[in-house]
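Summary of structural features
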Amino acid sequence: RRSRDAADLDATLARLLHGLDVSDTDMVSDRCGRIRAHIAAMPFDPEVEDSLRRSYEELSSRCGVADVPVAVRSSATSEDSPDASFAGEHDTYLWIRGADAVVDAVRRCWASLFTDRATCYRVEMGYEHRSVEMSVVVQKMVRPVSAGVAFTLNPADGDRSTVAIDSAWGFGEGVVSGEITPDNF
């Protein structure tokens, strides 16, 4: 938010989102692409960038690995809402190494708030674009045996007495993106 405020992007975003017709895929692609380009070009707030770089260097030091590989994961404020699931709508970057690459991946996560699919989903679910913010998690990469998604209710019927887990061998990206058919428990 500090970087967006410093770049004075709110008026530009409002202009590009005004009158957006989510049934017009060309309009959505054009406007969302322009929004992502504005976010990609905005300067980082210097304190935020400095904190990010220092934290990454500290993580590398704690792990005993120069330029430790990390996952740079999007985490939008609306992601786990009671009435909508934004999981997989925003971008995550794996095996990122080096402070410059981490800064770039964080910026791309911020921009992914306005992917075509995320923007259209917000409109379909009745979420105001200005009410959603993008946080980003930077965490050390691990080599999992299996990974996936756990739901604290049955996504098919909303039953809160059921926990549903979709998982597959290896990384969870294939499960989250829908690229593979996971095991379901």
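Above this note sits the structure.
So, here is what we can say about the structure in this document. All residue numbers refer to position in the chain's written sequence, counted from 1. Since the coordinates come from a predicted model, pLDDT governs what is reported: local features require at least 70, and pairs of side-chain atoms require 80 or more to be given and counted, while whole-chain, interface and lining totals use all residues. With hydrogens and water stripped out, all remaining heavy atoms of the structure feed into the side-chain values.

Considering a nonpolar patch on the surface
Excluding any residue in a salt bridge, patches collect residues exceeding 30% relative accessible area, merging like charges within 9 Å and nonpolar Val, Leu, Ile, Met, Phe, Trp and Tyr side chains within 5 Å. Computed by Shrake-Rupley with a 1.4 Å probe, the accessible areas treat only the displayed protein chains as cover when residues are assessed. In what follows, salt bridge is the name for a side-chain nitrogen of Lys or Arg lying within 4 Å of a carboxyl oxygen of Asp or Glu. Taken together, V163, I165 and F185 make up a surface patch of nonpolar side chains, about 300 Å² in accessible area. Labels follow the DSSP assignment, with helices taken as runs of H or I lasting at least four residues and strands as runs of E lasting at least two, numbered in each case from the N terminus. Looking at the secondary structure, you find I165 in strand β7 (residues 164-169).

Some remarks on helix α6 (residues 116-125)
Exposed residues in this analysis have more than 50% of their type's maximum accessible area, buried residues have under 20%, and partly exposed residues fall in between, with area computed by a 1.4 Å probe over protein chains only. Buried within α6 we find A118, T119, C120, Y121 and R122. A positive phi of about 80° marks G126, the residue just after α6.

A short note on the environment of I39
Along the chain, I39 turns up in helix α3 (residues 25-41). In sequence terms I39 and A111 are 72 residues apart; their C-alpha atoms lie 5.6 Å from each other.

Overview of the pattern of salt bridges
Enumeration according to the criterion identifies 11 salt bridges in this entry. The shortest N-O distance in the salt bridge between D45 and R2 comes to 3.0 Å. Linking D45 in the loop between α3 and α4 (46-63) with R2 in helix α1 (residues 2-6), this pair joins segments that are 43 residues apart in sequence. Residue classification places D45 among the buried positions, given a relative accessible area of 13%. For D116, the salt bridge identified is with R36, shortest N-O distance 3.5 Å.

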